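Observations on chain architecture
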Amino acid sequence: MTATTPPHTAARQPRAGSFDATSVGLLLFRLFVGFFLMMHGAQKLFGWFNGPGLDATARGFGNLGLSMPTAFAWYSGIAEFGGGILVMAGLFTSAAAAVLTATMAGAAWAMASNNDFRFFNTEGGYEFPLFMGLMTFALTVAGPGAYSPDRGRWWDRPSARAAAAAVAVAGSALALIIS
């Protein structure tokens, strides 16, 4: 640790010329989770990748019984697309992942409660949003790793990640109430 290294990042800083397997793992994890969520958001917002587009997404949310289907379509599309990009970039990772966690909690509840609590995605179940919600919650808590623009920033401190995790839990509870 040097005089310029904040104490909260000292344990996670790779030494010059060293290989930090944990941070490489977090980088790959961020890239894949962020990519999948960004793709799903693009399907909702723009109809890309054989997606339904915004109008059909809103109709689908209406069929699930959501009270404001168009607003939820916009919110989920923007959260998944924008949040996925931020997670991939490693920028404001814990905050973006917290929003995604709440989004996925609402999606999992909406899918479960409107499909007789079927689990598997092939049956219209809540498997995928539950899985993605758990992955984004893990990123909220773990942070982006050393190979990220977030490294050393105040919002990457353990206390800030804990606050983001609390927001994710509160947001998830709110999403369950609203949906």
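Since the structure is predicted, the reported quantities are computational estimates derived from the model, not experimental observations. (Residues numbered from 1 in each chain as written. Predicted model: local features only at pLDDT ≥ 70, side-chain atom pairs only at ≥ 80, totals over all residues. Heavy atoms only, no water.)

This part covers the UniProt feature "transmembrane region" (unreviewed entry) in the protein. If you check UniProt for "transmembrane region" (unreviewed entry), the listed places come out as residues 21-40, 60-78, 85-110, 130-147 and 159-178 in our numbering. Between the end C-alpha atoms of residues 130-147 the distance is 27 Å, and the span holds 72% helix and 0% strand. For residues 159-178, the end-to-end C-alpha separation is 28 Å, with 100% helix and 0% strand making up the annotated structure. (UniProt positions renumbered as here; feature names shortened; annotations may be inferred. Helix = DSSP H or I, 4+ residues; strand = E, 2+ residues; numbered from the N terminus.)

Moving on to the side chain of T93. Tracing the sequence through the fold places T93 in helix α4 (residues 93-113). In this structure the side chain of T93 is engaged in a polar contact, spanning 3.4 Å, whose partner is the backbone oxygen of G90. In this structure, T93 is in contact with R30, L86, V87, P144, S148 and D150, ignoring residues within four places of it in sequence. (Polar contact = N/O pair within 3.5 Å; in protein donor to acceptor, adjacent residues only side chain to side chain. Contact = heavy atoms within 4.5 Å.)

Side-chain pairs of opposite charge can arise where the charged atoms are in close proximity. Here the structure, examined in full by the defined rule, presents three salt bridges. Residue E80 pairs with K44 through a salt bridge whose shortest N-O separation is 2.9 Å. On the criterion of sequence distance, the pair formed by E80 in helix α3 (residues 69-89) and K44 in helix α1 (residues 21-46) is long-range, its members being 36 residues apart. K44 sits in the buried class, given a relative accessible area of 16%. The shortest N-O distance in the salt bridge between D156 and R161 comes to 3.3 Å. The pair D156 / R161 is uniform in exposure class, with both members buried. (Salt bridge = Lys/Arg side-chain N within 4 Å of Asp/Glu carboxyl O. Buried < 20%, exposed > 50% of the residue type's maximum accessible area, 1.4 Å probe, protein only.)

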